[in-house]
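Observations on the model geometry
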Amino acid sequence: MGNPAQKRLIRKLELELFLSQMESQPSPKASLEQYTVSEAIAATMLYLAAYTNGDIIGKTVLDLGCGTGKLALAASYLGAQCVVGVDIDKTAIKTASENSEKAGSRTNVQWVLGDIGAVTGSFDTVLQNPPFGVQKRAADRKFLEKALEVGNVVYSLHNHPCTDKQLIQRLKANPGGLLQIAPSPFIEKFVGGRHGVVQAVYAMLMTIPRMFDFHTKMKHDFVVDLYLIKKSE
Ligand SMILES: C[S@@+](CC[C@H](N)C(=O)[O-])C[C@H]1O[C@@H](n2cnc3c(N)ncnc32)[C@H](O)[C@@H]1O
């Protein structure tokens, strides 16, 4: 179903405000790395996808591992033609669907409870903030594989491979900004082996509140890398 929002340009701040009204996961599970993307990162990612690259408005969009639904809801709010959000966790899907209700007619997302491995079909754009593999090694690879199987363009968030203090300082000096960086050779090779090409990588500073017992600070700043990947065939 079309979204009337697509007829006008949505300001980034308005998108952040819309996302800030959404509920977070009530009892996040560390084993599934259920941390929620920050509003600022979600808005930057969706802005780039929608207004710089033309990959959201009027497109079919899939959010793999949608959690509470921020990326899917933002895509729908900006005017995607059809949006599907998939997550393996019942509570996440329940919260995402409650968030949809809260957004009312501003969004229209189909929420699916299930493993991403079961997803079939074809989507113009895949959005994902997969588990980084901190709890379960290489958890993000399954997401990349599925995204390239069903999507033409993929926006995928990954943990920056090392602590780069200089990069953090540069990002702190430019709040809400992104810096183009080189891809990790591993991800580039992994994607290349699955008919994908990394088009660009942007480093961004993400701040999340303390969520799990092993978090030692009240808030945690870290660098996430946004990969823009296209199918090569
Ligand atoms: C880092 S969280 C991101 C949540 C949401 N996309 C966001 O950015 O706020 C990763 C999500 O992937 C889900 N997940 C992990 N493994 C999955 C799988 N095999 N199939 C479907 N969802 C999965 C988790 O339940 C969790 O909600």
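Above this note sits the structure.
Residues numbered from 1 in each chain as written. Predicted model: local features only at pLDDT ≥ 70, side-chain atom pairs only at ≥ 80, totals over all residues.

1. A short note on the nonpolar core
Note the threshold: Linking buried Ala, Val, Leu, Ile, Met, Phe, Trp, Tyr and Cys residues through C-beta atoms within 7 Å yields a set, and such a set is a nonpolar core. Put plainly, a residue is buried at 20 or more neighbouring C-beta atoms within 10 Å of its own, exposed at 12 or fewer, and partly exposed in between, counting only other residues' C-beta atoms, which are placed from the backbone. Each helix is a run of DSSP H or I of at least 4 residues and each strand a run of E of at least 2, with the numbering of both proceeding from the N terminus.
Grouped together as the largest cluster of nonpolar side chains are 59 residues, with contacts concentrated most on Ala42, Leu46, Ala74, Ala75 and Leu226. Counting residues per element, this core draws most heavily on helix H2 (residues 39-52), at eight residues.

2. Considering unusual backbone geometry
Residue His195 is not a glycine yet carries a positive backbone phi of 60°. Within the element layout of this structure, His195 appears in the loop between helix H7 (185-192) and strand S7 (196-209).

3. As for the site of the ligand
To keep things clear, this is the line we draw: We call a residue near a molecule or strand if the C-beta atom, set from the backbone, is within 6 Å of it. Side-chain classes follow a simple rule in which Ala, Val, Leu, Ile, Met, Phe, Trp, Tyr, Cys and Pro form the nonpolar group, Asp, Glu, Lys and Arg form the charged group, and the remainder, Gly included, forms the polar group.
Around the ligand lies a shell of 22 residues, among which Val37, Gly65, Gly67, Ile88 and Asn129 are the nearest. Elements that contribute at least two residues to the shell around the ligand include exactly helix H3 (70-78) and strand S2 (82-87). Its residues assigned to classes, the shell around the ligand comprises 11 nonpolar, six polar and five charged.

4. Let's talk about the pairing of strand S3 (residues 109-113)
For clarity, the cut-off: A pair of strands is labelled paired if DSSP reports no fewer than 2 bridges between them. The definition of a right-handed crossover adopted here requires that, viewed with the strands pointing away, the path from the first strand over the helix to the second runs clockwise.
As defined by bridge partners, S2 adjoins S3 across five bridges and the pair is classed as parallel. The residue of S3 that forms the bridge with Val86 is Val112. With helix H4 (residues 90-103) bridging S2 and the parallel S3, this β-α-β connection has right-handed handedness.

5. With respect to the packing of helix H1 (residues 12-20) against H2
Spelled out, the test is: The angle between two axes is taken between their N-to-C directions and runs from 0 to 180 degrees, where each axis is a line fitted to C-alpha atoms and a helix contributes only its stretch in contact. These descriptions rest on fixed angle ranges, namely under 35 degrees for roughly parallel, over 145 for roughly antiparallel, 65 to 115 for roughly perpendicular, and the rest for oblique. With the far helix as reference, a near helix turned anticlockwise by less than a right angle produces a left-handed crossing, and one turned clockwise produces a right-handed crossing. It is the C-beta atoms, placed from the backbone, that decide contacts: two residues are in contact if theirs lie within 7 Å.
Closest axis-to-axis distance for the H1/H2 pair is 9 Å, and the angle between their directions is 130°. Compared by their axis directions, H1 and H2 come out oblique. As H1 packs across H2, the resulting crossing turns out to be right-handed. In this structure, H1 contributes Lys12, Leu15, Glu16, Leu19 and Ser20 to the contact, and H2 contributes Glu39, Ala40, Ala42, Ala43, Leu46 and Tyr47. Taken together, the residues of the contact of H1 with H2 break down into seven nonpolar, one polar and three charged.

6. Digging into the environment of Ile168
Tracing the backbone shows Ile168 in helix H6 (residues 165-172). What makes Ile168 partly exposed here is the crowd of 16 C-beta atoms within 10 Å. On a C-alpha basis, the gap between Ile168 and Ser122 in space is 37 Å, while along the polypeptide they are 46 residues apart. For Ile168, the residues in contact, after removing those within four places along its chain, are Leu205 and Val223.

7. Overview of the packing of H1 against H3
At a minimum axis separation of 10 Å, H1 and H3 run at an interaxial angle of 135°. Relative to H3, the element H1 is oriented oblique. As for the relative orientation of H1 and H3, their crossing is right-handed in sense. Here H1 contributes Leu15, Phe18 and Leu19 to the contact with H3, which in turn contributes Lys70, Ala74 and Tyr77. Of the residues in the contact of H1 with H3, the class split is five nonpolar, no polar and one charged.

8. Things to note about the pairing of strand S5 (residues 151-159)
The side chains of a regular strand alternate, first on one face of the sheet and then on the other. Burial of S5 is extensive: seven of the nine residues sit out of reach of the surface. Relative to strand S8 (residues 219-231), S5 runs antiparallel, the two sharing seven bridges. Directly across from Asn159, in S8, lies its bridge partner Val224.

9. So, the environment of Gly114
Its place among the elements puts Gly114 in the loop between S3 and strand S4 (123-128). Between the C-alpha atoms of Gly114 and Ile93, which are 21 residues apart in sequence, the distance is 9.5 Å. Beyond its immediate chain neighbours, meaning those up to four positions away, Gly114 contacts Val86 and Ile88.

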